[in-house]
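A look at the structure
What follows is the residue order along each chain.
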Amino acid sequence: MKRSVILALRVLLVLVFLVLLGGQLYVIPAFASVSANDFPEVAFLAGPYTVIAIVGIACVQIGLFATWVLLSMVERGAIFSEHAFRWVNVIIGAAIALTILTLFTGVHLLFVVQVGGPGVLLAVAAAGIAGASIILLMVVMRGLLRSATMLENELAEVV
């Protein structure tokens, strides 16, 4: 892989990480405060939902960090190793956690608190489908990595 592509991806990973960090530190707490003032009937949810949103963003950040580590392994030519599978599993685990958090929050909002309406239902359904798609895609990618690792090991034995 070209060094310029790796550098560009690293710059984008850092930018996304920083934007998400800004969201965790400033945007989500401010939005929760405004929402609590605008909708006092559900103000008691501001704290727990803020924590859930911050943890959800942390799941994405964990996935970004794991991607950074895998990118470093690609740069060193060490991607076809057992160590790479741990980081792919971290990405899968973070995606599972984020999907569960999203679905739990949506179900709680719609069926326990009984607010939100069709827009929230559609958003939660879309997030669930997107999360499941990412999880399944990463499982397929892990399988491809496993196959490529086995092929490289067999080739190394032949040479």
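Just so you know, these numbers come straight off a predicted model, no measurement behind them.

1. Side note on the pattern of salt bridges
Evaluated as defined, the whole model comprises 3 salt bridges. The shortest N-O distance in the salt bridge between Arg3 and Glu75 comes to 2.2 Å. Pair noted here: Arg3 is in helix H1 (residues 3-38) and Glu75 is in helix H2 (residues 46-76), with a separation of 72 residues, a long-range link. Taking the relative accessible area as the measure of exposure, Arg3 reaches 61% and is therefore exposed. The residue Glu82 makes a salt bridge to Arg146 at a minimum N-O spacing of 3.3 Å. Here Arg146 lies in helix H4 (residues 117-158) and Glu82 lies in helix H3 (residues 82-112), a separation of 64 residues in the sequence. Glu82 gets classed as partly exposed once you look at its relative accessible area, which sits at 48%. Here Arg146 falls in the partly exposed class, since its relative accessible area comes to 36%.

2. Notes on H1
Taking 1.5 Å per residue as the helical rise, H1 with its 36 residues ought to reach 52 Å, and the 50 Å between its terminal C-alpha atoms agrees with that figure. Of all the bends in H1, the greatest measures close to 45° and is centred on Gly23. Residues Ile6, Arg10, Leu13, Leu20, Gly23, Gln24, Ile28 and Ala32 constitute the buried set of H1. Elements that come into contact with the buried residues of H1 comprise H2.

3. Looking at the layout of surface pockets
Its boundaries defined by the atoms lining it, the largest pocket holds a volume of some 760 Å³. Lining the largest pocket are 29 residues, and of these Phe31, Tyr49, Ala53, Thr105 and Leu109 lie nearest its centre. Those elements giving two or more residues to the lining of the largest pocket turn out to be H1, H2, H3 and H4. Per element, the largest residue contribution to the lining of the largest pocket is 8 residues, and it comes from H2.

4. Overview of the environment of Thr149
Mapped onto the secondary structure, Thr149 falls in helix H4. Note: C-alpha distance between Thr149 and Val11 (138 residues apart in sequence) is 28 Å. In this structure, Thr149 is in contact with Phe80, Ser81 and Phe85, ignoring residues within four places of it in sequence. Reaching out from Thr149, the side chain makes a polar contact with the backbone oxygen of Leu145 at a distance of 2.7 Å.

Thresholds applied
- Residues numbered from 1 in each chain as written.
- Predicted model: local features only at pLDDT ≥ 70, side-chain atom pairs only at ≥ 80, totals over all residues.
- Heavy atoms only, no water.
- Salt bridge = Lys/Arg side-chain N within 4 Å of Asp/Glu carboxyl O.
- Helix = DSSP H or I, 4+ residues; strand = E, 2+ residues; numbered from the N terminus.
- Buried < 20%, exposed > 50% of the residue type's maximum accessible area, 1.4 Å probe, protein only.
- Expected span 1.5 Å × (residues − 1).
- Bend = angle between axes of the 7 residues up to and from the residue.
- Contact = heavy atoms within 4.5 Å.
- 1 Å grid on protein atoms, 1.4 Å probe; cavity = no way out; pocket = protein on both sides within 12 Å on 5 of 7 lines; lining within 4 Å.
- Points joined across faces, edges and corners; volume = space filled by probe spheres on them.
- Polar contact = N/O pair within 3.5 Å; in protein donor to acceptor, adjacent residues only side chain to side chain.

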